[in-house]
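Fold and geometry: a report
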Amino acid sequence: MQKRIIDTIPMCYSVSAMRSGDAWKLIYAGEGDGRLVVYDGPAYARKTVLWDEQEKLGGTMSICPVEDVPDSFFASTGFFDMVHSESSAIWLIQGKDGGYQRKCVCRIPYLHRFDVTRVGNRRFLIACTLHNGKKDPADWSTPGKILCGELPQDLSGDVHTELTVLRDGLFQNHGFNRIDDDGVCKFGVATRDGVFLVTPPQCEGLDWDVRKVLPMDASDVCAMDLDGDGQLEYGLIRPFHGDRFEVYKRVGGQPELVYEYPKRQGFTHAIYAGKVHGVPSFAIGARGGDQEIFLLQYHPDHGYNVCSVEAGAGPSNVCLASMAGKTLLLAANREKDEAALYDL
């Protein structure tokens, strides 16, 4: 395993990767009035700054590549902190003439996480708000929402969309991740009121499906079939911005705790499900305690197995990217202002 620090970004918070031919372009963004930068070329040394601190467009919580349109991605802005996030919005960023142009898709006060996916010939957007306004950081008196909308297949024109509320009344609506459930794209949503699985309409005439799959409170969620039995394992960070990482399965229709990481690390926050050299894996990281990034995998001979990637990293978010037999772990190491890359 080799670590590379691609850049220094104050309060580096969000990270993603988009395909560019037979290579990756890496995207990192900062919290607060932070910058958003795309890195490509040999050793990712070429960087394109899409906005910086002076533009005050930052507060990027989520970055979502457009899978079917090269050199394009969606990004959120305006979530400057837990209280000052009423100006949050989603933008479409598209490569053009050697640079990038941006178009506003929608404005969603208190937006924390979102994603965009295609089902057949339709393109859906799902978004989650953390709350509906706060007087101060300790105020959790208002709940968040899950919202949805439809975007055009052709993203070259007007992409503005209106959203519909799928579910309201979700307090501390913080955790969100895409889930591949046997080839069907779904979304996990983690809240104080439980963990929900959200499925977009799979054909014309069907509605969105929102169902609670786990009853316990959770700060963050990812899910994948780690042990190959055809059932999802749910990786949870608990409680809100908590110190515990746990894995649950539904056994006989009931949730069952199947693994708990023995180390307690405050402010565990980074969570992602993907494959490392073809092996289903959870990538987890904490901003407190040992500030460790680690991988969780399942092996038939000895069950769940942990591999430490780095202690002292302090990531806010991580993701995995694989191509041509190579797996990269990208980490926004917020506590060290690092845009970091690990060759696994």
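Scroll up to find the structure this text is about.
Let me sum up the structure you'll find in this document.

1. As for the overall build of the protein
When its secondary structure is counted, the protein shows zero helices and 28 strands. For 344 residues, the compact-globule estimate of 2.2 N^0.38 gives 20 Å, and the protein sits close to it at 19 Å. Taken over 344 residues, the protein has a buried fraction of 57%. Look at the contacts in the protein between residues 6 or more apart in sequence, and 46% of them connect residues 24 or more apart. Carbon and sulfur atoms provide 47% of the accessible area of the protein, an area that totals close to 13800 Å². Separation between the mean location of the 36 positive side-chain charges and that of the 47 negative ones in the protein comes to 2 Å.

2. Quick word on the sheet that holds strand β16 (residues 194–199)
Across a sheet, strands are paired by hydrogen bonds formed along the backbone, either parallel or antiparallel in direction. Spatially, the four strands line up as an open sheet ordered β14-β15-β16-β17, and their pairing is antiparallel. Edge positions in the sheet fall to β14 (175–181) and β17 (209–214), since each of these pairs with one other strand and no more. Sheet twist, expressed as the average angle between the axes of neighbouring strands with direction ignored, equals 30 degrees. As paired strands, β16 and β17 are joined by five bridges and run antiparallel to one another. Residue pairing across strands places V195 opposite L214, the latter belonging to β17.

3. Focus: unusual backbone geometry
Most peptide bonds adopt trans geometry, and most residues besides glycine take a negative phi value. In this structure, the amide linkage connecting R238 to the following residue, P239, adopts the cis form with an omega of -20 degrees. Structurally, P239 is set in the loop between β19 (233–238) and β20 (244–251).

4. What to know about the pairing of strand β7 (residues 72–77)
Burial analysis of β7 places six of its six residues in the buried class, the great majority of the element. Of the strand pairs in this sheet, strand β6 (residues 63–65) and β7 are connected by three bridges, and their pairing is antiparallel. Bridged to I63 within β7 is A75. Relative to strand β8 (residues 89–96), β7 is paired through six bridges, and the arrangement is antiparallel. Bridge assignment links S76 to a residue of β8, and that residue is I90.

5. Side note on the sheet that holds strand β11 (residues 122–129)
Pairing is antiparallel across the open sheet formed by four strands, whose spatial order is β10-β11-β12-β13. The open sheet has two edge strands with one neighbour each: β10 (111–119) and β13 (164–170). Going across the sheet, the axis of each strand differs from the next one's by a mean of 15 degrees, ignoring polarity. The sheet contact formed by strand β12 (residues 144–151) and β13 spans four bridges and is antiparallel. Paired with I146 across the bridge in β13 is R167.

So, how was this worked out
Residues numbered from 1 in each chain as written. Predicted model: local features only at pLDDT ≥ 70, side-chain atom pairs only at ≥ 80, totals over all residues. Heavy atoms only, no water. Helix = DSSP H or I, 4+ residues; strand = E, 2+ residues; numbered from the N terminus. Rg over C-alpha atoms; globule rule 2.2 N^0.38 Å. Buried < 20%, exposed > 50% of the residue type's maximum accessible area, 1.4 Å probe, protein only. Contact = heavy atoms within 4.5 Å. Areas by Shrake-Rupley, 256 points an atom, 1.4 Å probe, with all protein chains shown as cover. Lys, Arg positive; Asp, Glu negative; His and termini not counted. Charge placed at Lys NZ, Arg CZ, Asp CG, Glu CD. Pairing = 2+ DSSP bridges. Axes fitted to C-alpha atoms, helices over the stretch in contact; angles between N-to-C directions.

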